[in-house]
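# Secondary and tertiary structure notes
Listed below are the residues making up each chain.
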Amino acid sequence: MIWVNQIVQGILLGGYYAVIACGLSFMFSVMRMINLAHGSLAIVAAFALFVLADQYGLNPFTGLILVLPAMAALGWVLQRTILERSQRGGMLVPILSTFGLSIVLDNLLFERFGADTRSLAPFIDELSYDSWTITDDIYIGKLAALTFVTAVVILGGLQLFLTKTQLGRAIRATAEDPDTVGLIGINAKRINAAAAAIALVTVGIAGAFLGMRATFDAYAGGPQLIFAFEAAVIGGAGSLWGTLIGGVVLGVAQSLGAQINPQGFLITGHAVFLAVLFGRLQSEAIGTKFRKIVRRSA
Amino acid sequence: MSRDPAIRVERWTPLSRLSILGATLLLVMLAAGPFFFGNNAIDKLTTLFIYVILAVTWNALAGYGGLVSVGQQAFFGLGAYAAVRLADAGLNVYVSLVLAAVIIAAVSLPISSFMLRLKGGEFAIGMWVLAELCHLLVNLDSLVQGETGTSLIALNAYDADQRHAFNYWAALGSMTAILVILFVLLRSRIGSAIQAIRDNEEAAAALGVRVMATKRIIYVFAAFGAALAGALWLSTAITFQPKTYFGVQWTAYMIFMVLVGGLGTFEGAILGALIFFLIEAWFGGSGVWYLVGLGATALLFSLFVPRGIWGWLERRFGLSLLPLGYRILGIEPTAGTSPPDDGERGATPSAGTP
């Protein structure tokens, strides 16, 4: 029964990973770029909510009303000032510049907030610990459930947005071919800036949930980037529902690993990521070989 | 190609011959360092040599190979860890340092076969995940005692003065070897091949370049360099704490050195290491703002001066101290049949063809 509980907790944890991963894979699928400052930006949002709660007594959920538009604006500015410019420099520059940005953000946070770990849990009352008891060994935390539902809503919402709205269709078109969309009157730069703004809204939500369910400090961005990346890759980068599956696989792997060994939480997560990666590359290689054989015999 | 007497292909210039001579003289003089300098100066220079190793090997991977790794600390930490293990097993300390790097290079070979199938940002973070995994696995070793770490007790066999001098020579010798190997490597067919792959992998493959094998050579070389640097760092710091050695800040330093010095230029990486060394000496004490400055500088260089200081100097003044490519002389600009002078080094350092 302990194992069943671990799997349930892992699935719920996967909801958080899906929330933090979806912004990363959204930006990757639209702008073909991996933003190495992704995790640090989530921590920026978490600290912003912390300040609003600690200094101004704003409940984190109320705080989001202020923080999310700010994150959207930040995304827009980021795209227009750094990302857009770096993308023109080829493949390497975006990696280098976003890594530089993450170092700046992490250390500015450290300068402002020091080494103390913070949490938003004290500001959300009983939601941080309340749970529904299913059986003696299985319980479902209300916050974890809310996170999971939010993941589904965000992913579903993004899916609907991309297929049903004018802006969503423009984003998909720009992702396909940023040069050609110009011919039909779409301003690719604006569309990419809008996409970056949307991605950072999801980053803000991820930061909020991270802060509520766990502790964070100035240098917590790196690990969050790694988790987001792992969830996105396990699920198949670029696919929204794949992100949810990837998050759940990662969460369950970590949760089961933790049951085996205290260090196992992270080790199993990384190991599953590498195994999935290896399996996928292997099957691609087999696929290519197979196609070659078919072509030769045809 | 017709043998037009007016066209000459030139590799060495008088200036570059002079600079090779100068570099050799400098190295010989540095080798005598421990007889003249105090321990403090010796230690500082040892650190500089290790930075040069880190910068030039990361530059080989990113600047020449187009493979930006955010996880070279994996090999840096593993190099130090392997050295601890070997010395603990009773091997001579200085033999352990070099052998550790060789072992880690061998370990990097199988790792390369699936890391190298990742592209761009995926490769970058994939390497970071690898570094995290190595960190966690090393922590499981009972000799290391988790984050408490362990120390290179075997170094106690030498008295303090001896130790400083030996560390210095080990670092100087390693740096010289790395520079010579890289210089020869980049001037060979492999050098041309790896730059062709960086600029356009498919076109290179179509021309008959063995893409995977070439990338692998550069990857293993860079892993060897990082491991050697890690082992040497251990000899100067003596204590091995996994958190310090597997920290992503090492990659941040490498990126800073190479971006500021000149991504994809041989001299630039060395210059970058020197600049980083000086900046650290002056501002390293100012803590967090120093790190903010490093990050911001790397960011600004990547956006506005992607060729770094050396790339800029090279372009502005046609400088080439340690020539890796060829330059073609005597071509009339109007001669349509002449080959374009893209044989000249440093075609596009950072920008792979999108």
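One can find the structure itself at the top, above this paragraph.
Read on for a plain summary of the structure. None of these values were measured; they are calculated from a predicted model.

## Focus on the environment of threonine 150 of chain B
Residues and elements named next belong to chain B. For threonine 150, the location among the structural elements is in strand β2 (residues 150–151). Of the residues examined, threonine 150 reaches a relative accessible area of 15% and is grouped as buried. Along the sequence, threonine 150 and arginine 198 sit 48 residues apart, while their C-alpha atoms lie 40 Å from each other. With near-sequence residues (within four places) excluded, threonine 150 lies in contact with Val84, Leu143, Val144, Ile238, Thr239 and Phe240.

## Regarding the interface of chain B and chain A
On the chain A side, the residues contacting the 42 residues of chain B number 40 residues. Buried surface at the junction of chain B and chain A, summed over both partners, amounts to about 3900 Å²; 83% is from carbon and sulfur atoms. Counting the surface chain B buries against chain A, the share from its top three residues, Phe114, Ile125 and Leu303 of chain B, is 15%. Where chain B meets chain A, there are zero salt bridges. At the surface where chain B touches chain A, the tally comes to two residue pairs in polar contact (both at pLDDT 80 or more). Contributions of two or more residues to the side of chain B that touches chain A are made by α2 (39–64), α4 (93–115), α5 (120–140), α11 (249–261) and α13 (288–304) of chain B. Top contributing element to the side of chain B that touches chain A by residue count: α5 of chain B, with 14 residues. Class assignment of the residues belonging to the side of chain B that touches chain A gives a composition of 29 nonpolar, ten polar and three charged.

## Some remarks on the side chain of threonine 202 of chain A
All names here are of chain A. Along the chain, threonine 202 falls in helix α7 (residues 188–213). Judged by its relative accessible area of 5%, threonine 202 is buried. For threonine 202, the side chain forms a polar contact with the main-chain oxygen of alanine 199, separated by 2.6 Å. Discounting residues that sit within four places of it in the chain, threonine 202 has contacts with Val19, Cys22, Gly23 and Ile154.

## Structural notes on the packing of aromatic side chains
Going through the model one piece at a time under the given rule, you end up with 26 aromatic pairs over all chains. Each ring, one from phenylalanine 166 of chain B and one from tryptophan 169 of chain B, has its centre 6.4 Å from the other, and the planes form 40 degrees; the classification is tilted. One end of the pair is phenylalanine 166 of chain B and the other is tryptophan 169 of chain B, both in helix α6 (residues 160–187) and three residues apart, which spans about a single turn. Take phenylalanine 166 of chain B: its relative accessible area is 29%, and that puts it in the partly exposed class. Classification of tryptophan 169 of chain B by relative accessible area gives partly exposed; the value is 30%. Here the aromatic residues Tyr51, Phe76, Tyr81, Trp233, Phe240, Tyr245, Trp250, Tyr253, Phe256 and Phe276 of chain B are joined through ring pairs into a cluster of three or more. Of note, arginine 32 of chain A hangs over the ring of phenylalanine 28 of chain A, and the distance from its end group to the ring centre comes to 5.6 Å. Across from the ring centre of phenylalanine 113 of chain A, 4.8 Å away, lies the NZ or CZ of arginine 112 of chain A, which sits over that ring.

Analysis parameters
Residues numbered from 1 in each chain as written. Chains lettered and ligands numbered in written order. Predicted model: local features only at pLDDT ≥ 70, side-chain atom pairs only at ≥ 80, totals over all residues. Heavy atoms only, no water. Helix = DSSP H or I, 4+ residues; strand = E, 2+ residues; numbered from the N terminus. Buried < 20%, exposed > 50% of the residue type's maximum accessible area, 1.4 Å probe, protein only. Contact = heavy atoms within 4.5 Å. Buried area = accessible area lost by both parts, 1.4 Å probe. Salt bridge = Lys/Arg side-chain N within 4 Å of Asp/Glu carboxyl O. Polar contact = N/O pair within 3.5 Å; in protein donor to acceptor, adjacent residues only side chain to side chain. Nonpolar A, V, L, I, M, F, W, Y, C, P; charged D, E, K, R; others polar. Phe/Tyr/Trp six-rings, centres within 6.5 Å; stacked < 30°, edge-to-face > 60°. Lys NZ or Arg CZ within 6 Å of the ring centre and 35° of its normal.

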